[in-house]
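If you want the building blocks of each chain, they are given just below.
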Amino acid sequence: MSSPVSDLLNNGLLADSEGVGSETRELLASESFSEIIAFSQDTFIIYQGKEPDALYFTISGLFHAISHAHPEAPQRLLGRIEPGEFIGEVCLVDRESTASASVKALRNAQVLKMTREAYDQFCASHPAQALELTRAVSTQLGKRLRKANERLL
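Values in this document were obtained by computation on a predicted structure and should not be read as measured data. (Residues numbered from 1 in each chain as written. Predicted model: local features only at pLDDT ≥ 70, side-chain atom pairs only at ≥ 80, totals over all residues. Heavy atoms only, no water.)

**Student:** Whenever I open this one, the packing of aromatic side chains confuses me. Can you help?
**Tutor:** Geometrically, a pair of aromatic rings is defined through the distance of the ring centres and the angle of the planes. Scanning all chains against the criterion turns up two aromatic pairs. Aromatic pair phenylalanine 33 and phenylalanine 122: ring centres 5.1 Å apart, planes at 75°, arrangement edge-to-face. Highlighted residues: phenylalanine 33 in the loop between helix 2 (22-29) and strand 1 (35-39) and phenylalanine 122 in helix 4 (residues 116-125), separated in sequence by 89 residues. For the pair phenylalanine 33 and phenylalanine 122, one class covers both residues: buried. (Phe/Tyr/Trp six-rings, centres within 6.5 Å; stacked < 30°, edge-to-face > 60°. Helix = DSSP H or I, 4+ residues; strand = E, 2+ residues; numbered from the N terminus. Buried < 20%, exposed > 50% of the residue type's maximum accessible area, 1.4 Å probe, protein only.)

**Student:** Explain the layout of surface pockets here, please?
**Tutor:** Vacant regions in the atomic arrangement are exposed by a probe of water-molecule size rolled over the atoms. Size it by volume and the largest pocket reaches roughly 1100 Å³. Along the wall of the largest pocket there are 34 residues; nearest its centre are Ala65, Leu78, Glu89, Arg144 and Arg151. Broken down by secondary-structure element, the contributors of at least two residues to the lining of the largest pocket are strand 4 (76-81), strand 5 (86-87) and helix 5 (127-152). Partitioning the lining of the largest pocket into residue classes produces 18 nonpolar, seven polar and nine charged. (1 Å grid on protein atoms, 1.4 Å probe; cavity = no way out; pocket = protein on both sides within 12 Å on 5 of 7 lines; lining within 4 Å. Points joined across faces, edges and corners; volume = space filled by probe spheres on them. Nonpolar A, V, L, I, M, F, W, Y, C, P; charged D, E, K, R; others polar.)

**Student:** I would appreciate a short explanation of the nonpolar core in the present structure.
**Tutor:** Core analysis: the largest hydrophobic core is formed by 24 residues, its most contacted members being Leu9, Leu14, Phe57, Met114, Phe122 and Leu133. Among the elements of the structure, helix 1 (4-9), helix 2, strand 3 (54-67), helix 3 (90-93), strand 6 (102-115), helix 4 and helix 5 are those that each provide at least two residues to this core. Looking at this core, the element that brings in the most residues is helix 5, giving four residues. Every residue in contact with leucine 14, bar those within four places of it in the chain, is listed here: Leu9, Val20, Arg25, Leu28, Phe57 and Leu133. With 15 residues, the next largest nonpolar core counts Ile37, Ala99, Val103 and Val111 among its residues. (Core = buried A, V, L, I, M, F, W, Y, C linked by side-chain atoms within 4.5 Å. Contact = heavy atoms within 4.5 Å.)

Everything listed here is a matter of coordinates, which is why it stays silent on function.
Next comes the structure, spelled out in structure tokens:
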């Protein structure tokens, strides 16, 4: 039985077509592992140089990834983040890192937030579903890296 939240999540990274099944989405949507957060326009959810606190799955709205080379430099738009994508994945794979960019909500932004601690608990209590999620995130990271390499070449 699916919930409205897990139905919303069945797109992009968390879609059946990406190898993430309904059971995994249902668990991710449960209050045990995540919470839904709405952001108003122009709200920063991640700050470059700060320790990221969570993985965010975008449900609705539009976000911009922004780089600040140094305090006097203008902000540089790195990319758009749309529903079905994720933000803050570095906090799961590199626990010592800081955010490489800031992320700002532009409009009608809603996310499913999963903290590091919740991810660890999810992995320990539901290893098969955690593997589905981790594979999907890893696949998308690989796609992002290839796309970035293509822009440079």
